[in-house]
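Observations on the three-dimensional arrangement
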Amino acid sequence: MTLQDHITRRFSEANRYQFGLLAILFVSLSTLPLWAPITGFGGLIYPLALANIWAIFAMGWDIISGYTGYISFGHSALSGAAAYATAMLATHLELPLAATFPLSVVAALIVGMLFALPSLRLRGPYFSLLTLVGALLFYRLLFVFNEYTGGELGMSVEAITYDTTVLYYYTFVPMVFIALGLLYVSRSNVGVVLVAIRENEPAVESAGIDTTKFKLWAFTLSAVTMGVGGVMLAHFYGSVDPTTMVILDRSIEMIVMAVIGGMSSILGPIGGAYVFILLRDTILPGTLGLGGTQRWFALWAVALGLIVFAREGVFRKLWHGLGEQGSENESETE
Amino acid sequence: MSEHTARIARRSIGRRGFLGTVGTGAAALAGCLGGGDDDVVRIGHLAPRELDMGIGATRSAEMAVEEVNDDGGIMDRDVELVAEDSAGVPSEASTKAQEMVQQEDIDVMIGTFVSEVALGIIDFLADQQVPFIVSGSASPEITRDHAGQDYEQYRNVFRVNSINTNFQAEALADYAEFLADEHGWNSFAVTPENAAWTQPFSEILPAQLEERGLEVALDARIARDTDDFTPVLDQVEASGADVMLKTFAHIPGPGMLSTWRQNEYPFAQEGINVASMSPQFWDDTGGGCLYETTAESGAGGTATVTEKTIPFTDDYQERYEDRPTAPMYMGFGSYDAVHIYREAVERAGTADYAEDPDAFVDAMLETDHVGTAGRIQFFGSDHEFPHDVKPGLDFAPFPVQQWQESGGGEKVCTFPREIATDDHVMPEWLA
């Protein structure tokens, strides 16, 4: 069995075109700092380093909401909890990264469980509403405790590095490992149950499966992922503040990234995050020179357009397009 | 770009994104090829351009760059302004600073209004060996807790404007003494907004007031997201204070002022209110700001702080008819910073800081520049606030302006007496 066969069997039923696309994307992204500066794309390294972190968030959202259909509108509270835990532990207790990192992930997990435990047993819009209100509450708490959180302007954290190449790999490598881990889970029987919950939860329950347990596991996985991303985001900027980390817009952005890329696919949300961050931080303000309000208006207008015209997600559409291409070619050769 | 690379880019980000990316890449490439050792000195300017303050500052920096270019540039090299919008948010500013240094290849960074933004990019600029001339952020941490702790690492940081808030706290206490002399107001409610720059107003100002024999009736920090000011105004009233001595940069305040004036609360509105520095604040508040004062560098262009203040303000007003119709305090700072940078580079003989940091730092420390906001000199390396602008009437003064009814609502300079153009007026309901 070739490596390609092994990988394609493990993760999906990709044909050679699809596999080729994945391979080209992976190789070009993993070597970005080598070729980008000499081809004039050096300006992409920093925004894509940030996009890697947002890809982690989008995947973290996808594993619970994309797969089970329990749509969370408050995931920025999870990543925000981790980011703020990092900043507060480092500033107030002067703990090293080796301590702040695991504790911050635990903080995300605690906030996640506060969302999940009371709501995952409920049907209908309650879960979404609870996550939405939970994120609003978390945002306000940052102001209530502003003597510890720095209020609106937040607080400083040690930046991980100022070398963009190193920064890129600091974000790219964990993103790839998280993607592989979540792909593994989503392609396993657990993933099948999660999708089945989305499609027909009563049917899954009537088969004797405790759906709440599966949802809790998915949420745990999601919260841990958000925690890792939150810590990374805090050290990426060297600061935490409510606007960058917690405000409801950030939760919506994660959803939009996942939807643009293609929900319940893990890899799609990575693409969605790349498109979204490049639009937000590079193409709209830099290339098109849009400032302030215009930039955000344009960003959301483009996002809306992509959602309307590629409902299943841009990258899923591309993926299926290549799949059809492959099967046509295969039938021709037959 | 090879066809292969183009194909990868096309696949990964789609057609629209691809077109944009090509543009970005081309711009980035131009930046890489154009910077560093070429014939252009690039001055970076970072300000929140959704605020009047940031617009005024950016325009003022543009004016200074134009003047420098008209006068032969810097060491015969053209000067280019790379102005970006910080949005007043540290993370956004970090992204912009990164682009400006690594893509646009700026030689110096001037600007920042929000102190947290300055503190958010200070490590990056020190690491990248880019001079940072602060023209609007006032937190003492910017100098004291950086160059003051690790001079070698942070000697690239200078502040031309405004005087840091430790000095502002002392100056406000002097101003309070002036109010006590003028109107017999002896009791003060110290109400800073909750932000990095206002720490000294909580830590130093109350003691400074008491040293001058004045009473501190209330000492309370105001949350920045406050939108109902009635409880705050009631609290000040209950304290029996004659003056609400506030320091607001981020709290907008129009609502508070109209509540204050309509209800004729029995105390005056004094101190610092950045929103009130806008010449358009009278219209914004429907005249609700009448009798309010705000301290502002360069006296907001209302008085002759130096011989350059009024001509610069007039020149600004001739060029720009839309808001803000005055440079506002950061504008004076950014304008002066460009000229000070030029003089220092010419003294040092190089715009390449990394090549010879000592030459630039020494040249900056020799600065004795009569700017629009005062005579600018910096404290040396041994001072508690290394490279901070010297405060005081002989250097960078702390002028206070009051909104008065003359001319259909205008700001006039009322303090210090040496440069004041008009008397301070007591609100009519307090008389």
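Residues numbered from 1 in each chain as written. Chains lettered and ligands numbered in written order. Predicted model: local features only at pLDDT ≥ 70, side-chain atom pairs only at ≥ 80, totals over all residues. Heavy atoms only, no water.

Another aspect to go through is the overall build of chain B. A count of helical and extended segments in chain B gives 15 helices and 14 strands. Taking 22 Å as the expected radius of gyration for a compact globule of 431 residues, we find that chain B reaches 23 Å, a close match to that expectation. When its C-alpha atoms are laid out on the principal axes, chain B stretches across 75 × 50 × 40 Å. A burial count over chain B gives 62% of its 431 residues as buried. When contacts within chain B are restricted to residue pairs at least 6 apart in sequence, long-range pairs at least 24 apart make up 69% of them. Per element, the accessible surface of chain B, about 15,200 Å² overall, is 42% carbon and sulfur. Separation between the mean location of the 27 positive side-chain charges and that of the 77 negative ones in chain B comes to 8 Å. (Helix = DSSP H or I, 4+ residues; strand = E, 2+ residues; numbered from the N terminus. Rg over C-alpha atoms; globule rule 2.2 N^0.38 Å. Buried < 20%, exposed > 50% of the residue type's maximum accessible area, 1.4 Å probe, protein only. Contact = heavy atoms within 4.5 Å. Areas by Shrake-Rupley, 256 points an atom, 1.4 Å probe, with all protein chains shown as cover. Lys, Arg positive; Asp, Glu negative; His and termini not counted. Charge placed at Lys NZ, Arg CZ, Asp CG, Glu CD.)

All right, on to the environment of asparagine 273 of chain B then. Residues and elements named next belong to chain B. With respect to the helices and strands, the residue asparagine 273 is situated in strand E9 (residues 268–273). A C-alpha to C-alpha distance of 13 Å links asparagine 273 and arginine 224, two positions 49 residues apart in sequence. Residues contacting asparagine 273, with those up to four places away along its chain left out, are Lys246, Phe248, Ile251, Pro252, Leu257, Phe281, Glu292 and Thr294.

Residues and elements named next belong to chain B. Among the six residues that make up strand E14 (residues 410–415), five are buried, leaving the element largely enclosed by the rest of the structure. Taken together, the five bridges between strand E13 (residues 400–404) and E14 define a ladder with antiparallel strand orientation. Bridged to glutamine 402 within E14 is valine 412. Once E13 ends, the chain turns through five residues before running back antiparallel as E14, passing glycine 407 with a positive phi of about 65°. (Pairing = 2+ DSSP bridges.)

All right, on to the pattern of salt bridges then. Inspection of every chain in the model, using the stated rule, returns 27 salt bridges over all chains. The salt bridge involving arginine 198 of chain A is made with glutamate 199 of chain A; its shortest N-O contact spans 3.1 Å. Residue classification places glutamate 199 of chain A among the exposed positions, given a relative accessible area of 56%. We note a salt bridge from arginine 417 of chain B to glutamate 182 of chain B, for which the minimum N-O separation is 3.1 Å. (Salt bridge = Lys/Arg side-chain N within 4 Å of Asp/Glu carboxyl O.)

Before going further, it helps to spend a moment on the confidence of the model for chain B. Residue and element names in this part refer to chain B. This prediction gives chain B a mean pLDDT of 89; 91% of its residues lie at or above 70. Below a pLDDT of 50 lies the segment residues 1–37, which in the model reaches 48 contacts outside its immediate sequence neighbourhood of four places, other chains included. In the predicted complex, the global pTM is 0.86; the interface-specific ipTM is 0.81. (pLDDT = per-residue confidence, 0-100.)

Considering all chains together, one arrives at 30 aromatic pairs over all chains under this definition. Measuring from ring centre to ring centre gives 6.4 Å for phenylalanine 158 of chain B and phenylalanine 360 of chain B, while their planes differ by 90°; the resulting arrangement is edge-to-face. In this pair, phenylalanine 158 of chain B is assigned in strand E5 (residues 157–159) and phenylalanine 360 of chain B in helix H15 (residues 357–365), connecting sequence segments 202 residues apart. Considered together, phenylalanine 158 of chain B and phenylalanine 360 of chain B belong to a single accessibility category, that of buried residues. Of the aromatic side chains, those joined through ring pairs into one cluster are Phe158, Tyr341, Tyr353, Phe360 and Phe378 of chain B. The ring of phenylalanine 143 of chain A has arginine 140 of chain A lying over it, and the distance from NZ or CZ to the ring centre is 5.7 Å. The lysine or arginine in question, arginine 280 of chain A, covers the ring of tryptophan 54 of chain A, its NZ or CZ lying 5.7 Å from the ring centre. (Phe/Tyr/Trp six-rings, centres within 6.5 Å; stacked < 30°, edge-to-face > 60°. Lys NZ or Arg CZ within 6 Å of the ring centre and 35° of its normal.)

Further remarks concern the nonpolar core. Ranked by internal contacts, the top residues of the largest apolar core, which has 105 residues, are Phe132, Leu205, Leu209 and Tyr341 of chain B. In terms of residues, this core owes the most to one element, helix H14 (residues 328–348) of chain B, which gives 12 residues. Setting aside residues up to four positions removed in sequence, phenylalanine 132 of chain B forms contacts with Met109, Gly111, Thr112, Ala118, Ile121, Ile122, Leu125, Asn156, Val157 and Phe158 of chain B. Formed by 88 residues, the second largest nonpolar core is a distinct cluster that contains Trp54, Tyr70, Ala83 and Leu167 of chain A. (Core = buried A, V, L, I, M, F, W, Y, C linked by side-chain atoms within 4.5 Å.)

Here we take up the packing of helix H9 (residues 164–186) of chain A against helix H11 (residues 211–237) of chain A. Residues and elements named next belong to chain A. Put simply, H9 and H11 touch, their axes get as near as 12 Å, and they point 175° apart. If you check the angle between H9 and H11, you find them roughly antiparallel. Residue-level inspection shows Leu167, Tyr170, Thr171, Pro174, Ile178, Leu182 and Val185 of H9 in contact with H11, the latter providing Leu221, Thr225, Val228, Met232 and Phe236. A per-class count over the contact of H9 with H11 returns 10 nonpolar, two polar and no charged. (Axes fitted to C-alpha atoms, helices over the stretch in contact; angles between N-to-C directions. Parallel < 35°, antiparallel > 145°, perpendicular 65-115°, else oblique. Nonpolar A, V, L, I, M, F, W, Y, C, P; charged D, E, K, R; others polar.)

In this section: the sheet that holds E9 of chain B. Residues and elements named next belong to chain B. Spatially, the four strands line up as an open sheet ordered E7-E6-E8-E9, and their pairing is parallel. Each edge of the sheet is formed by a strand with only one pairing partner; in this case those strands are strand E7 (215–219) and E9. This sheet shows a mean twist of 25° between the axes of neighbouring strands, independent of strand direction. Where strand E6 (residues 187–192) and strand E8 (residues 243–248) come together, five bridges link them in parallel fashion. Each bridged residue has a counterpart across the sheet, and for valine 190 the counterpart in E8 is leucine 245. Running at roughly 155° to E9, helix H7 (residues 165–183) makes contact with E6, E8 and E9 of the sheet. Along the sheet face, helix H11 (residues 254–262) touches E8 and E9 and points at about 165° away from the line of E9.

Looking now at the side chain of serine 239 of chain A. Here serine 239 of chain A shows up in strand E2 (residues 239–240). If sequence neighbours within four positions are ignored, serine 239 of chain A has contacts with Met155, Ser156, Val157, Ala234 and Met245 of chain A together with Pro90 and Ser91 of chain B.

Quick look at the pairing of E6 of chain B now. All names here are of chain B. Among the six residues that make up E6, six are buried, leaving the element largely enclosed by the rest of the structure. Where burial is concerned, the two faces of E6 agree: the one with Ser187, Ala189 and Thr191 and the one with Phe188, Val190 and Pro192 are both buried. With four bridges joining them, E6 and E7 adopt parallel strand pairing. Of the residues in E7, the one forming a bridge with serine 187 is glutamate 215.

The next thing to look at is H11 of chain A. Residue and element names in this part refer to chain A. Here H11 spans 39 Å end to end across 27 residues, near enough to the 39 Å set by a 1.5 Å rise per residue. The element H11 is largely enclosed, with a buried count of 21 among its 27 residues. Where H11 begins, one side-chain oxygen reaches toward the backbone nitrogen of threonine 212, 3.2 Å away; that side chain belongs to aspartate 210. Just beyond H11, the residue with positive phi is glycine 238, at close to 75°. (Expected span 1.5 Å × (residues − 1). Polar contact = N/O pair within 3.5 Å; in protein donor to acceptor, adjacent residues only side chain to side chain.)

Moving on, we come to the side chain of asparagine 161 of chain B. Residue and element names in this part refer to chain B. Among the secondary structure elements, asparagine 161 is positioned in the loop between E5 and H7. Classification of asparagine 161 as buried rests on a relative accessible area of 3%. Here the side chain of asparagine 161 touches serine 297 through a polar contact of 2.8 Å, side chain to side chain. For asparagine 161, the side chain forms a polar contact with the main-chain oxygen of tyrosine 329, separated by 3.1 Å.

A few words now on empty space enclosed by the protein. Under the counting rule described, the total for this entry stands at two cavities of 30 Å³ or more. Around the largest cavity, the lining is made up of 29 residues, and of these Ala138, Ser162, Gln168, Ser297 and Tyr329 of chain B lie nearest the centre. The residue makeup of the lining of the largest cavity, split by class, is 19 nonpolar, nine polar and one charged. One number sums up the size of the second largest cavity: a volume of about 30 Å³. Looking at the second largest cavity, the residues that line it are Phe143, Asn146, Gly151 and Glu152 of chain A together with Asn194 and Arg224 of chain B. (1 Å grid on protein atoms, 1.4 Å probe; cavity = no way out; pocket = protein on both sides within 12 Å on 5 of 7 lines; lining within 4 Å. Points joined across faces, edges and corners; volume = space filled by probe spheres on them.)

This part covers the environment of tryptophan 429 of chain B. Residues and elements named next belong to chain B. Along the chain, tryptophan 429 falls in the segment after E14. For tryptophan 429, a relative accessible area of 17% translates into the label buried. With 163 residues separating them along the chain, tryptophan 429 and proline 266 place their C-alpha atoms 7.6 Å apart. Of note is the side chain of tryptophan 429, whose polar atom sits 2.7 Å from the backbone oxygen of tyrosine 265.

Turning to a negative patch on the surface, a few remarks are in order. Taken together, the side chains of Asp352, Glu355, Asp356 and Asp362 of chain B present a region of like negative charge at the surface. Tracing the backbone through its elements, the reader meets glutamate 355 of chain B in the loop between H14 and H15. (Patch = residues over 30% accessible without salt bridge, like charges linked within 9 Å, V, L, I, M, F, W, Y side chains within 5 Å.)

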